[in-house]
Amino acid sequence: MATELDLPTVLFLQKTSYIAGAVTLGYLRLSFSGERGVGLLAVSFLILAAGSTLAGYAELHPALYGVLSLINIACAVLGYCLLSAAFVLVSKPKRKFHPWLVFVPMLGVLFAGLVTQFHLNNTYRAVTFTSLGFLAFAATAVVVMRDARREPLPIRKLVAGTLAATSLLSLAMAIEFCFNTFPILGIVDGFSLMIISKFVLAVSIVIFISERQQTEIRQLANRDPLTGLYNRRAFGEIVPSSLQEGDAILFLDIDHFKQLNDHFGHAAGDQVLVMMAQAIQSTTPSSALLARQGGEEFVVFLPAEVGDAKLHAERIRKTVADLHFPAIASDIKVTISVGIARASRQRAGLSEVCRQADRALYLAKTGGRNRVCDADHNTLQQASFG
């Protein structure tokens, strides 16, 4: 009996919480203008609030019970579908989304209600509502975790875990309603936990978006906007300041790049930089780190375990020499000069190894370009006649 007396209160709290959540999410939608999912989540909360309101009115107005209960279950189904769609869109903002799909389950419920009148039975209605919640939240949790391969944000585990927990809660309630016995969760307790879970989901979606924006800001700070490679600042932060013996640094510089820019234009120069960055990236080992120093200069960190640094440098030089650039005349070859320096027991600091690699690059330039010079083996006189 206590459960029956408390149920209207729960419905009122449910309606109030959904409205409050919708207003808050609506405000956040203005802040996160590029995120479609936040607005969709706000709409889902408003529809769920409408469903809770109609559920209360259906109990107070027996003459309208049939109509109101049918609209109530339709609102609940649509609200859950929109809520799941919101998380799917937030998980991958560029995902193709067909809005009409969220209405299909609701139309199916409306048709089933008109044909079978199942909505007049509280048990059938509750089982339908909670079972759909179980399926929707479980499927959404899977989608959120699958998208982690593309965007491995730490918050995904919390979001997917909350969605999975909410789906299990819905499943437990569906089973209890089906057998009309509540040994695990009472009606009030179950609905109260559902209210809490929705708010946890609302908070997690905001954290999700904030974490993505922070990641994007870090990417902008660490990446060269033209080539997408790490910039000089990121290279200095990622590569250890004290190198292991055998680790190598390669300095690469495009030969006669200024003349290319002056003759063919800066758009052609940009094409050379982008295509060259892609070619070098595909040539270097996965454990290496490639960055753009600035202008036409690149730097590569090669850990000792990848083998002979000079062989890798020659492979890179030949790969670039074999490239064909659509914006450059076919009879003009674009080449690079490469300087190599290795860390040793006496020379382990990154800054010192970089200075030696820069010196070797100078030797390659003065020695005729389109060549590799090694700080440990080449001298200025050797380079000049190489």
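Just so we're clear, the structure is a prediction, and the values are computed from it rather than from any experiment.

A. The layout of surface pockets, seen in detail. Considered as a void within the structure, the second largest pocket measures approximately 330 Å³ in volume. Sorting the residues of the lining of the second largest pocket by element identifies α3 (65–91) and α5 (122–146) as the ones contributing at least two each. The dominant element in the lining of the second largest pocket, judged by the number of residues it contributes, is α5, at six residues. Of the residues that constitute the lining of the second largest pocket, the class distribution is 13 nonpolar, three polar and two charged.

B. Structural detail: the pairing of strand β3 (residues 289–294). Counting buried positions along β3 gives five out of six residues, so the element sits mostly inside the fold. As paired elements, strand β1 (residues 230–231) and β3 share two bridges and run parallel to each other. Opposite tyrosine 230, over in β3, you have alanine 291 as the bridge partner. The pairing of β3 with strand β4 (residues 297–302) spans five bridges and is classified as antiparallel. Paired with leucine 290 across the bridge in β4 is valine 300. Two successive antiparallel strands, β3 and β4, enclose a turn made up of two residues, where glycine 295 displays a positive phi of approximately 60°.

C. The packing of aromatic side chains, seen in detail. Applying the stated criterion across every chain yields a total of two aromatic pairs. Look at tyrosine 80 and phenylalanine 129: their rings are 4.9 Å apart centre to centre, the planes differ by 15°, and that puts the pair in the stacked class. Residue tyrosine 80 is located in helix α3, and its partner phenylalanine 129 is located in helix α5; the two are separated by 49 residues in the primary sequence. Comparing tyrosine 80 with phenylalanine 129 shows no difference in burial state: the two are buried. Arranged with centres 5.1 Å apart and planes meeting at 65°, the rings of tyrosine 80 and phenylalanine 137 form a pair that is edge-to-face. Linking tyrosine 80 in helix α3 with phenylalanine 137 in helix α5, this pair joins segments that are 57 residues apart in sequence. For the residue pair tyrosine 80 and phenylalanine 137, the accessibility class agrees, reading buried in each case. Three or more aromatic residues link up through ring pairs in this structure, and these residues are Tyr80, Phe129 and Phe137. A cation over a ring is seen here: arginine 223 above tyrosine 230, with NZ or CZ 3.9 Å from the ring centre.

D. Structural context of helix α9 (residues 257–264). Buried within α9 we find Phe257, Leu260 and Asn261. Burial along α9 is one-sided: seen end-on, the buried residues are contained in an arc of 95°. Looking at α9, the residues exposed on the side facing more than 90 degrees away from the buried face are Lys258, Asp262 and His263. Among the structural elements, β2 (248–254) and α10 (266–283) are those in contact with the buried residues of α9. Residue glycine 265 follows α9 closely and has a positive phi angle near 100°.

E. Highlighting the sheet that holds strand β5 (residues 336–342). Reading across from one edge, β1-β3-β4-β2-β5-β6 is the order of the six strands in this open sheet, with mixed pairing throughout. Edge strands, defined here as strands with exactly one partner in the open sheet, are β1 and β6 (372–374). Pairing geometry for β2 and β4, over six bridges, is antiparallel. Counted as the bridge partner of phenylalanine 251 is valine 299 from β4.

F. Geometry of the nonpolar core. If you look at the biggest cluster of nonpolar residues, it comprises 54 residues, and the most contacted ones within it are Leu83, Phe87 and Leu163. Secondary-structure elements contributing two or more residues to this core are α2 (36–60), α3, α4 (103–116), α5, α6 (155–179) and α7 (187–222). Sorting elements by how many residues they give to this core places α3 first, with 18 residues. Not counting the four nearest positions on each side in its chain, leucine 83 is found in contact with Leu41, Ser44, Phe45, Leu48, Phe137, Lys198 and Leu201.

G. A look at the packing of α9 against α10. Following both chains from N to C, one finds α9 and α10 inclined at 135°, their axes separated by 6 Å at the closest point. Comparing their axes, α10 and α9 come out oblique. Touching Phe257, Asn261 and Phe264 of α9 are His266, Ala268, Gly269, Val272 and Leu273, all from α10. Here the residues of the contact of α9 with α10 sort into five nonpolar, three polar and no charged.

Parameters and conventions
- Residues numbered from 1 in each chain as written.
- Predicted model: local features only at pLDDT ≥ 70, side-chain atom pairs only at ≥ 80, totals over all residues.
- Heavy atoms only, no water.
- 1 Å grid on protein atoms, 1.4 Å probe; cavity = no way out; pocket = protein on both sides within 12 Å on 5 of 7 lines; lining within 4 Å.
- Points joined across faces, edges and corners; volume = space filled by probe spheres on them.
- Helix = DSSP H or I, 4+ residues; strand = E, 2+ residues; numbered from the N terminus.
- Nonpolar A, V, L, I, M, F, W, Y, C, P; charged D, E, K, R; others polar.
- Buried < 20%, exposed > 50% of the residue type's maximum accessible area, 1.4 Å probe, protein only.
- Pairing = 2+ DSSP bridges.
- Phe/Tyr/Trp six-rings, centres within 6.5 Å; stacked < 30°, edge-to-face > 60°.
- Lys NZ or Arg CZ within 6 Å of the ring centre and 35° of its normal.
- Arc of directions from axis to C-beta.
- Contact = heavy atoms within 4.5 Å.
- Core = buried A, V, L, I, M, F, W, Y, C linked by side-chain atoms within 4.5 Å.
- Axes fitted to C-alpha atoms, helices over the stretch in contact; angles between N-to-C directions.
- Parallel < 35°, antiparallel > 145°, perpendicular 65-115°, else oblique.

Any functional reading would require information beyond the geometric quantities listed.
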